[in-house]
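Spelled out, the chains give:
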Amino acid sequence: ATLTQSSDRVTLSHPSGASATILLYGATVISWTAHGREQLWLSTASALDGSRAVRGGIPLVFPVFGPPQAGTAAEKLPQHGFARTTRWELLGRTEAETAGDLNICVDFGLDSRSLDEETRAKWGGEFGLIYSVTLTSSTLETKMVVQNAGSGESAAFDFNVLFHTYLRVPDVEAIGIKGLNSLTYRDKTLGNTEHNESSTTLRITSQTDRVYRSAPDEIAIVDASASDKPLFTVTKVGLKDVVIWNPHAEGAEKIADWQPKDGWKEMVCVEAGSVAEWQTLEAGATWEGGVVHKAHL
Ligand code: TA6
């Protein structure tokens, strides 16, 4: 069977042996295997019971990225919004063959009516979300459709959306991230100051937390210690920005559910989203954006 479901999660099984497991809590991808190996990093101390956001995998960020900003409609929301800490419903599965590869797609739904009263009161938007996860033999695609279900002039709302992907890598200090050169980025380790990326290959040598604006659609993660052998290709569609994050030792130390503490050595967050500016959605309008993660080995 290409889709199996238990009370709290859904697993996709591809004829190639690839697989993906998604918790209904937050519609959080907690595992993606391809080429016989786990491609995502997940903290061994991550809660998977819905008690708090998953530490690893692909948490969803909506309607706000980062800490809530005073004076905005999202100011009462938790960091990264409520999508990752709300139970989504499984809407259904579709399958298709493209280029001889089976695409197994599962859709999840969340709308303002299914939010608890307290959360709904914290953000006025009347919204509908459909989140699609598609598995092939070597890719995992995540895509979000956002609908403004409100009506009338005042119903427009502003939102951020981002796929907070924790990629598993053999050694983060040996990887290179290509495609960011000459971009402007905000460096959250330097007081959110703005900088220009001068290198064609970004290396991770210390705590890294950068929001690259208007990034190109394709970002490559290579093994710089093995003549730039490709590890992953991250291709965004309809999304503007890319966030690169690695807490390094000092950051991991401060994150309670980060285990093992040296796990930062085996991961890098490459997060596609539209977060540098608010996206405005008029009443009745729909927006969509997504990202294809390709594992090369
Ligand atoms: O995406 C990078 C970031 O915004 C970092 O600043 C760090 O806070 C990370 O997200 C994890 O946030 P979380 O709320 O999941 O601990």
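Residues numbered from 1 in each chain as written. Predicted model: local features only at pLDDT ≥ 70, side-chain atom pairs only at ≥ 80, totals over all residues. Heavy atoms only, no water.

Description of the overall build of the protein chain
Next, step 1: When helices and strands are tallied, the protein chain shows two helices and 22 strands.
Next, step 2: Seen along its three principal axes, the alpha-carbon backbone of the protein chain occupies a region of about 55 × 50 × 35 Å.
Next, step 3: A separation of at least 24 residues holds for 65% of the contacts in the protein chain among residues at least 6 apart in sequence.
Next, step 4: Where the 26 positive side-chain charges of the protein chain centre and where its 37 negative ones centre are 3 Å apart. (Helix = DSSP H or I, 4+ residues; strand = E, 2+ residues; numbered from the N terminus. Contact = heavy atoms within 4.5 Å. Lys, Arg positive; Asp, Glu negative; His and termini not counted. Charge placed at Lys NZ, Arg CZ, Asp CG, Glu CD.)

Examining the sheet that holds strand β22 (residues 286–295)
Next, step 1: Across the sheet, which stays open at both edges, the nine strands sit in the order β7-β8-β9-β10-β22-β19-β18-β13-β16 with antiparallel pairing between neighbours. On the outer flanks of this sheet lie β7 (89–98) and β16 (201–202), each paired with one strand and no other.
Next, step 2: Both strand β13 (residues 175–178) and β16 contribute to a ladder of two bridges, which runs antiparallel. If you follow lysine 178 over to β16, its bridge partner there is threonine 201. (Pairing = 2+ DSSP bridges.)

Some thoughts on the UniProt feature "active site" (unreviewed entry) in the protein chain
Next, step 1: Under the present numbering, the feature "active site" (unreviewed entry) in UniProt falls on His164 and Glu271. The annotated residues occupy 108 residues of the chain but converge on a single region, no pair of C-alpha atoms lying more than 4.8 Å apart.
Next, step 2: Within the secondary structure layout, histidine 164 lies in the loop between β11 (157–163) and β12 (166–168).
Next, step 3: Among the residues examined, histidine 164 registers a relative accessible area of 6% and is labelled buried.
Next, step 4: Mapped onto the fold, glutamate 271 is located in strand β21 (residues 267–281). (UniProt positions renumbered as here; feature names shortened; annotations may be inferred. Buried < 20%, exposed > 50% of the residue type's maximum accessible area, 1.4 Å probe, protein only.)

Here's the deal with the site of the ligand
Next, step 1: The local shell around the ligand consists of Arg55, Phe65, Gln79, His80, Arg84, His164, Lys188, Asp209, Val243, Trp245 and Glu271.
Next, step 2: Histidine 80 places a side-chain nitrogen or oxygen 3.1 Å from an oxygen atom of the ligand.
Next, step 3: Here an oxygen atom of the ligand and a side-chain polar atom of histidine 164 are 2.9 Å apart.
Next, step 4: For the ligand, whose free accessible area comes to 390 Å², the fraction covered by protein is 85%.
Next, step 5: Classifying every residue of the shell around the ligand gives three nonpolar, three polar and five charged. (Near = heavy atom within 4 Å. Polar contact = N/O pair within 3.5 Å; in protein donor to acceptor, adjacent residues only side chain to side chain. Areas by Shrake-Rupley, 256 points an atom, 1.4 Å probe, with all protein chains shown as cover. Nonpolar A, V, L, I, M, F, W, Y, C, P; charged D, E, K, R; others polar.)

What about the environment of serine 206?
Next, step 1: Relative to the elements of secondary structure, serine 206 occurs in the loop between β16 and β17 (208–212).
Next, step 2: On the accessibility criterion, serine 206 (37% relative accessible area) is partly exposed.
Next, step 3: Counting along the chain gives 142 residues from serine 206 to valine 64, while the straight-line C-alpha distance between them is 26 Å.
Next, step 4: Non-local contacts of serine 206, meaning those with residues more than four positions away in its chain, are made with Asn246 and His248.

Details of the pattern of salt bridges
Next, step 1: Following the criterion strictly, the structure yields 16 salt bridges and no others.
Next, step 2: For the salt bridge of arginine 9 with aspartate 8, the shortest nitrogen-to-oxygen distance reads 3.1 Å.
Next, step 3: Of the residues examined, arginine 9 reaches a relative accessible area of 27% and is grouped as partly exposed.
Next, step 4: By relative accessible area, which is 27% here, aspartate 8 ends up partly exposed.
Next, step 5: Note that lysine 143 and glutamate 288 form a salt bridge whose closest N and O atoms lie 3.8 Å from each other. Separated by 145 residues along the polypeptide, lysine 143 in strand β10 (residues 139–148) and glutamate 288 in strand β22 bring together distant segments of the chain.
Next, step 6: On the basis of relative accessible area, lysine 143 is assigned to the partly exposed category, the value being 29%. (Salt bridge = Lys/Arg side-chain N within 4 Å of Asp/Glu carboxyl O.)

Observations concerning the nonpolar core
Next, step 1: Counting residues in hydrophobic clusters, the biggest one holds 76 residues, and the most contacted among them are Phe62, Trp88, Phe108, Tyr131, Ile177, Ile221 and Ile244.
Next, step 2: If one sorts the elements of this core by residue count, β21 sits on top with six residues. (Core = buried A, V, L, I, M, F, W, Y, C linked by side-chain atoms within 4.5 Å.)

Looking at the environment of lysine 122
Next, step 1: Looking at where lysine 122 falls in the secondary structure, it is placed in helix α1 (residues 117–122).
Next, step 2: Overall, the relative accessible area of 27% leaves lysine 122 in the partly exposed class.
Next, step 3: Sequence-distant contacts of lysine 122, defined by excluding residues within four places in its chain, comprise Ala73, Lys76 and Leu77.

Focus on unusual backbone geometry
Next, step 1: The amide bond that connects phenylalanine 62 to the next residue, proline 63, takes the cis arrangement and shows omega of 0°.
Next, step 2: Glutamine 259 connects to proline 260 through a cis peptide bond whose omega is -10°.
Next, step 3: Considering the arrangement of structural elements, one finds proline 260 in the loop between α2 (248–253) and β21.
Next, step 4: A positive phi is found at serine 214, a non-glycine position, where the angle reads about 50°.
Next, step 5: On the basis of relative accessibility, which here comes to 57%, the residue serine 214 falls in the exposed class.
Next, step 6: Positive phi is not limited to glycine here, since serine 227 has a value of about 40°.
Next, step 7: By the element assignment, serine 227 lies in the loop between β18 (218–223) and β19 (229–237).
Next, step 8: With relative accessibility at 71%, the residue serine 227 sits in the exposed group.

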